Structure formats: structure tokens, C-alpha cells
Amino acid sequence: IAMIDLLIRDLDKEMTEAEADEKHSQADYEKTMSESVKKRAADSKLLAEKSAARADAESELQMRKEARDGSVKEHMATGSYIASLHSECDWLVQYYDVRKE
């Protein structure tokens, strides 16, 4: 009978330890899950912010490319105008004597 009582006490002790371990493990799991939910929410927010920043940067890039293209066209037109003025001036200088007479 003493042996059976010893087995019962050992079994009760093991069951108590198992229940305590189970509660501890469950608490750790719940804590991990709540932290994961918070992290996912923060990551989602960060992703949305970065996506918005990228969209803003891309629109700024597009606007600057268009402005640059306009500036290049204007520069080329100015260069053409200067070249035409130069050729007119050369013609005037070349035929100055003829026109003077």
C-alpha cells in the first residue's frame, strides 16, 4: 500500500508539473502571438508609408524628366536661333561692301 501511495503521489506531482508547464507554454504562446500581431500591424503601416513615399518620388521623377525635356528643347531652339543669327550676320559682313555701294 505504501508503494501505491508513493506511485499516486509521484503521479500527482508529475501531473501538477505538466499542468504548470502547459499553462506556462500557453502563456508564452499567447504572448508571442500578440507580439506577432503588433509586429505585422507595424510592418503593414511601414509598407504603406514606404509605398506612398515611393509613389511620391516616382511622380517627382516624372515631373522633373518632363521639365528637363522641355528645357532641352528650349536649349536646342535657342541654339538654332543663335546659329541663324550668326549666319545672317556672316552674310551681312560678307556683303557689306556690296551693299554699301
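My aim in this report is to walk through the structure given alongside it, one point at a time. (Residues numbered from 1 in each chain as written. Predicted model: local features only at pLDDT ≥ 70, side-chain atom pairs only at ≥ 80, totals over all residues. Heavy atoms only, no water.)

Regarding the overall build of the chain
(1) Moving on: Looking only at helices and strands, one finds 2 helices and 0 strands in the chain.
(2) Moving on: On C-alpha atoms alone, the chain measures out to a radius of gyration of 43 Å, which is more than a quarter above the 13 Å that the 2.2 N^0.38 rule sets for 101 residues.
(3) Moving on: Principal-axis analysis of the C-alpha atoms gives the chain an extent of 145 × 20 × 10 Å.
(4) Moving on: Relative to its 101 residues, the chain shows a buried fraction of 0%.
(5) Moving on: Total accessible area computed for the chain in this model is approximately 9,700 Å², and 60% of it derives from carbon and sulfur atoms. (Helix = DSSP H or I, 4+ residues; strand = E, 2+ residues; numbered from the N terminus. Rg over C-alpha atoms; globule rule 2.2 N^0.38 Å. Buried < 20%, exposed > 50% of the residue type's maximum accessible area, 1.4 Å probe, protein only. Areas by Shrake-Rupley, 256 points an atom, 1.4 Å probe, with all protein chains shown as cover.)

Description of the pattern of salt bridges
(1) Moving on: For the structure shown, the criterion picks out 4 salt bridges.
(2) Moving on: One salt bridge connects glutamate 58 with arginine 54, and the closest N-O pair in it is separated by 3.1 Å. You can see glutamate 58 and its partner arginine 54 sitting in helix H1 (residues 2-94), 4 residues apart, about one turn around the helix.
(3) Moving on: According to the relative accessible area criterion, glutamate 58 is partly exposed, its value standing at 43%.
(4) Moving on: The residue arginine 68 makes a salt bridge to aspartate 69 at a minimum N-O spacing of 3.3 Å.
(5) Moving on: The exposure class of aspartate 69 is partly exposed, given its relative accessible area of 37%. (Salt bridge = Lys/Arg side-chain N within 4 Å of Asp/Glu carboxyl O.)

Let's talk about the packing of aromatic side chains
(1) Moving on: In the structure shown here, the tally under the stated rule is 1 aromatic pair.
(2) Moving on: Relative to tyrosine 95, the ring of tryptophan 91 has its centre 5.3 Å away and its plane inclined at 50 degrees; by these criteria the two rings are tilted.
(3) Moving on: The partly exposed category is assigned to tryptophan 91, whose relative accessible area is 44%.
(4) Moving on: In this structure tyrosine 95 comes out as partly exposed when scored by relative accessible area, which is 34%. (Phe/Tyr/Trp six-rings, centres within 6.5 Å; stacked < 30°, edge-to-face > 60°.)

Remarks on a nonpolar patch on the surface
(1) Moving on: A cluster of nonpolar side chains, contributed by Trp91, Leu92, Tyr95 and Val98, occupies part of the molecular surface with about 400 Å² of accessible area.
(2) Moving on: Looking at the secondary structure, you find leucine 92 in helix H1.
(3) Moving on: Assessed through its relative accessible area of 41%, leucine 92 is described here as partly exposed. (Patch = residues over 30% accessible without salt bridge, like charges linked within 9 Å, V, L, I, M, F, W, Y side chains within 5 Å.)

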